[in-house]
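Structural overview for review
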Amino acid sequence: MIDILVADLKAREIDGLGLSKLVRDKYPNTQIIAISDHGDAHIAVEALKLGACDFLQKPVDSEVLLLSIESAAEKWRLRNKLQLAYGALEKEKEFLAVTLRSIGDAVIATNLFGRVTMM
């Protein structure tokens, strides 16, 4: 699993944008920090469309890079926490649905406006 990818979009050895796409396809929760030369607005837009959480221009200051990585790590942590919460909510929802279906008496649920939401 790749949690955070720092990719130079114009690296000589490999196409950073292509690498970012491959990583995003395989690991959709990966936080991508894109780095490129000054004036590469087109590439920056492509990286952000891909879902990069940050875009830094060369030369990159080490403190700025560290802040970007810390921010990406926090986003990754929060996204995973949210996915766990959704999973728990889905399990609870299924449990309640099974319980309600097994009750022999009639059950009617309404919303705050008195409209029937489940019967």
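Just so we're clear, the structure is a prediction, and the values are computed from it rather than from any experiment. (Residues numbered from 1 in each chain as written. Predicted model: local features only at pLDDT ≥ 70, side-chain atom pairs only at ≥ 80, totals over all residues. Heavy atoms only, no water.)

**Quick notes on the pattern of salt bridges**
On inspection of all chains with the given rule, the structure shows five salt bridges. We note a salt bridge from Lys49 to Glu46, for which the minimum N-O separation is 3.9 Å. On the criterion of helical spacing, the pair formed by Lys49 and Glu46 is a turn pair, its members being three residues apart in helix H2 (residues 41–50). For Lys49, a relative accessible area of 65% puts it in the exposed group. Taking relative accessible area as the criterion, Glu46 reaches 25% and is therefore assigned partly exposed. Between Arg101 and Glu94 there is a salt bridge, with the nearest N and O atoms lying 3.6 Å from each other. Each member of the salt-bridge network shares a partner with another, and the members are Asp8, Asp37 and Lys58. (Salt bridge = Lys/Arg side-chain N within 4 Å of Asp/Glu carboxyl O. Helix = DSSP H or I, 4+ residues; strand = E, 2+ residues; numbered from the N terminus. Buried < 20%, exposed > 50% of the residue type's maximum accessible area, 1.4 Å probe, protein only.)

**Section: the pairing of strand S1 (residues 4–8)**
Regular strands have side chains that alternate between both faces of the sheet. Of the two faces of S1, the one lined by Leu5 and Ala7 is fully buried and the one lined by Ile4, Val6 and Asp8 carries no buried residue. Relative to strand S2 (residues 31–36), S1 runs parallel, the two being bridged by five bridges. Of the residues in S2, the one forming a bridge with Asp8 is Ile35. Crossover handedness for the path S1 to helix H1 (residues 16–26) to S2: right-handed. (Pairing = 2+ DSSP bridges. Right-handed = clockwise from strand over helix to strand, strands pointing away.)

**Focus: H1**
Those residues of H1 that fall on the buried side of the exposure criterion are Gly16, Leu17, Ser20, Val23 and Arg24. For H1, the buried positions fall inside an angular range of 125 degrees around the axis, keeping them on one side. Structural note: H1 exposes Leu22, Asp25 and Lys26 on the side pointing more than 90 degrees away from its buried face. As for H1, its buried residues are in contact with S1, S2, H2 and helix H3 (62–102). The N-cap of H1, judged by a side-chain oxygen 3.3 Å from the amide nitrogen of Leu17 a few residues on, is Asp15. (Arc of directions from axis to C-beta. Contact = heavy atoms within 4.5 Å. Polar contact = N/O pair within 3.5 Å; in protein donor to acceptor, adjacent residues only side chain to side chain.)

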